[in-house]
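Descriptive structure summary
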Amino acid sequence: MTEQADLFTGARRMFWGYFFLLLDFNFNLGSSATIPLLPNVLGWFFLFRGVDALSPARPSLALLSPFCTVLGVCSLAQFFPWLEGLSPGWLSLLLAMMTLYTHFQLLTDLAALAEASLSDGDLGKRLRSCRNFLVLSQTALYFSDLFLAATALALLLMAASLCVYVVLLLQLWGFSRDLEEAEELRRREG
Amino acid sequence: MGNIWMFLQQTAAATLTALFLLLLQRIFLDKLSPRWQYGVWLVLLLRLLIPAGFGGRSTVLDVSLPLEALRTRVELGLSSAYSSPFASSLPAAPVPLPPQGAPESWTDWLFLLYWAGVAVFALWFVFCALRLSLRVRRGVPVEGARRAAIEALAKEYNLPLPRRVVECRFARTPFVLGAFRPALVLPMGWELDGKVLLHELLHVKYRDVWAGWLTTALRCIHWCNPFLWLVFDKTGNDRESLCDQRVLERLQGEDRRDYGRCLLAMADNKRVRTPGATTMANGARAVKARIQAIARFKRFPQGMGLVSGCIVCALSLSLAVGAPASAAGDENTFVEAPSGMIAEPELVAETLSLAAQNRATTVAGALDAYGKGEYHRFYDGIYDELLCWAISLPREDLPAVLEQWEQEQYESSFWTGWPVEDSWRAGPVYRGLTSDGADGYLCQVFWFRDLSLESENDPRWPEEGDPWPTEYLCHTVRIQPDGPYWTVEKLAETTGSADGRINMFLTGWWDSLLYGPVTWSGEANGVSVELSCVPTLTSGEGPLGSETLRWYRDQDWGYDPLTSLGGRNLGELPQSSPIPGAFFTTIYNGMRVRVGNPGGTPYNITLEVVPDWDDPEITASGGSGQDPDRVDPGEHRYQSHAGLVYYDTLPLLKAGETTEFCKHSGGAQGSLGDHIQEFLCPDSFTVTVKVGPEEPFQVPLTPRYTTPDGGTFTLDGEEAAP
């Protein structure tokens, strides 16, 4: 497998990772159990595998492997809503900070990879813009959860975040597709 | 911080925050820049400067409740001058305040010791700084080529150069001294090293001496917390690491390695903790950590400031500023007492500290807790009663209340948990909320129980279909502000027969001729008039225990506390825990009117009653009477439900005859909010009387404080008349 193919595999895993993380659809079975249709644990697993595939090309990504593992394990709580009340506030805060940083660093590295491996320099910029919006919206959502009683504002924030998520997923899909096309081209030329 | 508990609250909150930040720093050690590693201490600074629990806010790492319980438990056995078992120990300021009065307990002495420690450390640090400053003043100014070289370096990197650059014999490494007029101090005869000088000049540029002084001040305040001292050392090291990072960002290639070697050369130097001075050599261990940081040195990606800023903001709000207590909605926040049937010191302390943290924030909240206190004397756990009293009563009354409560627990040697047969089982219902002329209010709080009748031969035995007679217990109370809280003080206690029609769930009470807390009376031209404004109010989820009253004559009626739900499902019964931020939830308007003809000829009387409030923004909106066209509510901003304009033509009154009745004009229910104007009885009435065909005239009225049975009482320091 060529390096480009590794990049494609890694980028595609990143897409699926974010797909599972950013979109949440659940079956609620009362207060004791929930069945998430797009479980976050799968998202973190894909990101972990993506990091694994991309870290030879971008060593700083390797620093995120432990974070993906920890966040993946903690996201299992998604299946047990009653655990949420038992989790101490400091742990939630710690996980929120780790999540924020992981998204930031992942998207920073993906943007750098996009610039290095594709001729399209705009993709890197777009990924960085998505990264900035994602970090800001997640921080704002965290604040709204903690401090804002205004439902309308929280809804507005969620709607804005959803738009950012969709744009980000499109960019990630575009990134992996471009890498696939580049690999195909190389294969034909080779 | 006025007592040792306040200091403990503040230092414990800071300690936990520092622990969390150290954990976070460890996790992000190789991921976030030294700028972030140092900047994150801003969160600790905020935590140290914002008093713990300030404004009733709670943070993610809140330890105030266990500390409050400990304080209550310890102070219950003492008679301290600086602290009390009943007053919250959350600090109002982040700095120690001078002790008030002479110490009377060991906790007071501990606070004095702490205070003395603060003073000693502050004096010691100031002395050290002055001594160093005097020694530097005797240093030799750097002139000539050496001075020019330093100036050139400052110019090259666009850094400020301190006015004073001196050489001192005692200095082992260069350092910067002085917050207002910084001086660069070099060891005597030291061979100039541009990288070390760059480090010190960067300290001058970023005013790190100020940060050093701030840390020193915090060391003094938390002198007896060794963990925080270690943390302050760590902040100093992080400051140096950040300075190293800034130096490395300005150097290239071999110079960076040279800089590392400079640091290595200082690894043997001892750590010198001098307030108001920064030095590159800060001890072997710190230098080792800094060299490791240099080995990790990298230029962080663009946008790192964004995520760092977001993380610091989130941490500041979660760990230092905290979320307002009202974020979840006070109106729905019940405070639940510890469960238990026996008085135990730990649970008493827990209950009192719980109450201290959940004092009543609304008038309805204070009445709600007060009213439920009486109810809980006979129901549920014994701590519910104590909690209710402690939430609603004035702080100064709590020692006596606690003593009485303990006495009652001691006396109730046989406690079954079932309601006592003759207890006041249903309530509370509030009546006649009136301004007390100052910042507070007067009100009547009612509880009810069935009248105990032996047989049908009793004349009070009701006719078929009539409601079973009930009797009432009434506390006439005064609700007063205590800072942001409200307290309830009992003024008078009355019992009697509950006349009038009370609805099934006790939310409405009509036709009752019982007096309100203030009664206006007067006489003119042979006509006497007496008025009492008596709107009925309830709070929270409504009165408790209505299911225990025997509403309709039923000879087989027998009360079973487990099965008698008064026509409601178990889940529909109101919550019995107090709601310190409750709002009124129902109001039924009412006015007791009494008109008399003290003497003279029989006549028809036309009566017009117009309520008035001192607050010009309140006007009456309700109306009642036989001639509603005459009622003109006029323009108003507030819909006052409590006052009604009354117009009526009374039947013929013979000489010496009086008539009395209760007029009502509807009401409202739901969450009525905290707009007290909605519920307040008038401050005065204008009564216009027309006798037969004669010209109308006004009856001047004089108010007096009344109990439901017409008796009078006085407020502290006032005459009977308000």
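Owing to the predicted nature of the structure, the values given are computational and were not obtained by experimental measurement.

Cut-off values and rules
- Residues numbered from 1 in each chain as written.
- Chains lettered and ligands numbered in written order.
- Predicted model: local features only at pLDDT ≥ 70, side-chain atom pairs only at ≥ 80, totals over all residues.
- Helix = DSSP H or I, 4+ residues; strand = E, 2+ residues; numbered from the N terminus.
- Contact = placed C-beta atoms within 7 Å.
- Domains from an automatic or database assignment.
- Nonpolar A, V, L, I, M, F, W, Y, C, P; charged D, E, K, R; others polar.
- Axes fitted to C-alpha atoms, helices over the stretch in contact; angles between N-to-C directions.
- Parallel < 35°, antiparallel > 145°, perpendicular 65-115°, else oblique.
- Pairing = 2+ DSSP bridges.
- Expected span 1.5 Å × (residues − 1).
- Buried ≥ 20, exposed ≤ 12 C-beta atoms within 10 Å, placed from the backbone.
- Left-handed = near helix turned anticlockwise from the far one by under 90°.
- pLDDT = per-residue confidence, 0-100.

**Side note on the overall build of chain A**
Per the secondary structure count, chain A includes seven helices and two strands. Partitioning the intrachain contacts of chain A with sequence separation of at least 6 by distance along the chain shows that 67% fall at a separation of at least 24.

**Overview of the overall build of chain B**
Scanning chain B for helices and strands turns up 16 helices and 24 strands. Sequence separation of at least 24 residues holds for 74% of the intrachain contacts in chain B that already meet a minimum separation of 6.

**Observations concerning the domain arrangement of chain B**
Residue and element names in this part refer to chain B. Domain assignment breaks chain B into domain 1 (345-513 + 536-554 + 563-572) and domain 2 (584-705). Looking at the side of domain 1 that touches domain 2, the elements that each hand over two or more residues are α14 (363-376), β6 (426-435), β11 (509-510) and β14 (536-539). Residues of the side of domain 1 that touches domain 2, tallied by class, amount to seven nonpolar, 13 polar and one charged.

**As for unusual backbone geometry**
Residues and elements named next belong to chain B. That bond from Gly 427 to Pro 428 is cis: its omega, 0 degrees, falls within 30 degrees of zero. A positive phi is found at Asn 158, a non-glycine position, where the angle reads about 55 degrees. Locating Asn 158 in the fold gives a position in the loop between α6 (144-156) and β2 (164-168). Not every positive phi belongs to a glycine, and Arg 207 is a case in point at roughly 50 degrees.

**A word on the packing of helix α5 (residues 89-117) of chain A against helix α12 (residues 304-321) of chain B**
How two helices sit against one another is set out by the angle between their axes and by the gap between those axes. One can describe the packing of α5 of chain A onto α12 of chain B by two numbers: an axis separation of 10 Å at closest approach and a directional angle of 170 degrees. Looking at the two axes, α5 of chain A sits roughly antiparallel to α12 of chain B. Contacts between α5 of chain A and α12 of chain B involve Leu 93, Ala 96, Met 97, Leu 100, Tyr 101 and Phe 104 of chain A on the former and, on the latter, Val 307, Cys 310, Ile 311, Ala 314 and Ser 318 of chain B. Split by residue class, the contact of α5 of chain A with α12 of chain B holds ten nonpolar, one polar and no charged.

**Side note on the environment of Leu 172 of chain A**
Residue and element names in this part refer to chain A. For Leu 172, the location among the structural elements is in helix α7 (residues 151-189). The spatial distance from the C-alpha of Leu 172 to the C-alpha of Tyr 18 is 8.6 Å, given a sequence separation of 154 residues. With residues near it in sequence (within four places) discarded, Leu 172 still touches Met 14, Phe 15 and Tyr 18.

**Here we look at the interface of chain B and chain A**
Between chain B and chain A, the residue contacts involve 19 residues of the former and 22 residues of the latter. For the side of chain B that touches chain A, the elements supplying multiple residues, two or more each, are α1 (4-27) and α12 of chain B. Top contributing element to the side of chain B that touches chain A by residue count: α12 of chain B, with eight residues. For the side of chain B that touches chain A, the per-class residue count stands at 15 nonpolar, two polar and two charged.

**Some remarks on the sheet that holds strand β13 (residues 527-533) of chain B**
Within a sheet, each strand pairs with its neighbour through backbone hydrogen bonds, oriented either parallel or antiparallel. Residues and elements named next belong to chain B. Strand order in the open sheet made by the five strands is β20-β16-β13-β12-β24, with antiparallel pairing throughout. Lying at the two open borders of the sheet, with one neighbouring strand each, are β20 (658-663) and β24 (702-705). Strand-to-strand twist across the sheet, computed as the mean angle between neighbouring axes with direction ignored, equals 20 degrees.

**Some points on the sheet that holds strand β8 (residues 470-482) of chain B**
All names here are of chain B. A sheet is described by the order of its strands in space; here seven strands give the open sequence β9-β8-β7-β6-β14-β15-β21, paired in antiparallel fashion. Each of the sheet's edge strands pairs with one partner strand only, and the pair in question is β9 (485-497) and β21 (667-669). Ignoring strand direction, the axes of neighbouring strands in this sheet form an average angle of 30 degrees.

**Quick word on α14 of chain B**
Counted at 1.5 Å a residue, the expected span for α14 of chain B with its 14 residues is 20 Å, and the 20 Å between its end C-alpha atoms agrees. Of all 14 residues in α14 of chain B, 14 are buried; the element is thus mostly enclosed.

**Comments concerning the packing of helix α2 (residues 40-54) of chain A against helix α3 (residues 65-74) of chain A**
Residue and element names in this part refer to chain A. As a packed pair, α2 and α3 sit with axes 9 Å apart at the nearest point and diverge in direction by 165 degrees. Regarding the angle of α2 to α3, the classification is roughly antiparallel. The handedness of the crossing between α2 and α3 is left-handed. From α2, Val 41, Trp 44, Phe 45, Leu 47, Phe 48 and Val 51 reach across to α3, where they touch Ser 65, Cys 68, Thr 69, Leu 71 and Gly 72. Its residues assigned to classes, the contact of α2 with α3 comprises eight nonpolar, three polar and no charged.

**A word on the pairing of β24 of chain B**
Residue and element names in this part refer to chain B. Side chains of β24 alternate between two faces, with Pro 703 and Tyr 705 buried and Thr 702 and Arg 704 left unburied. As paired elements, strand β12 (residues 518-524) and β24 share four bridges and run antiparallel to each other. Residue pairing across strands places Val 518 opposite Tyr 705, the latter belonging to β24.

**Thoughts on the confidence of the model for chain A**
The predicted model of chain A averages 82 in pLDDT, with 88% of residues at 70 or higher. The least confident element of chain A, judged by mean pLDDT, is strand β1 (residues 26-29) of chain A at 68; the most confident is α3 of chain A at 90.

**Things to note about the environment of Ser 241 of chain B**
Residues and elements named next belong to chain B. Here Ser 241 is to be found in helix α9 (residues 226-250). Exposure remark for Ser 241: the 23 C-beta atoms within 10 Å place this residue in the buried category. Along the backbone, Ser 241 and Leu 192 are 49 residues apart, and their C-alpha atoms lie at a distance of 22 Å. Apart from the residues lying within four places of it in its own chain, the contact partners of Ser 241 are Pro 34, Gln 37, Arg 290 and Ala 293.

**Considering the pairing of β9 of chain B**
All names here are of chain B. Alignment of β8 against β9, held across twelve bridges, turns out to be antiparallel. Bridge assignment links Pro 481 to a residue of β9, and that residue is Trp 486. Between β8 and β9, which follow one another and run antiparallel, lie two residues, and Gly 483 among them has a positive phi close to 65 degrees.

**Re the confidence of the model for chain B**
All names here are of chain B. Across chain B, pLDDT averages 79, with 83% of residues at or above 70. Ranking the helices and strands of chain B by mean pLDDT puts helix α3 (residues 41-49) first, with 92, and strand β19 (residues 638-653) last, with 55. For this predicted complex, the interface confidence comes out at an ipTM of 0.85, alongside a pTM of 0.72.

**Some words on the environment of Glu 657 of chain B**
Residues and elements named next belong to chain B. Summarising the element assignment, Glu 657 is placed in the loop between β19 and β20. The class of Glu 657 is exposed, set by 12 C-beta atoms lying within 10 Å. Between the C-alpha atom of Glu 657 and that of Pro 91, which follows or precedes it by 566 residues, the distance is 63 Å.

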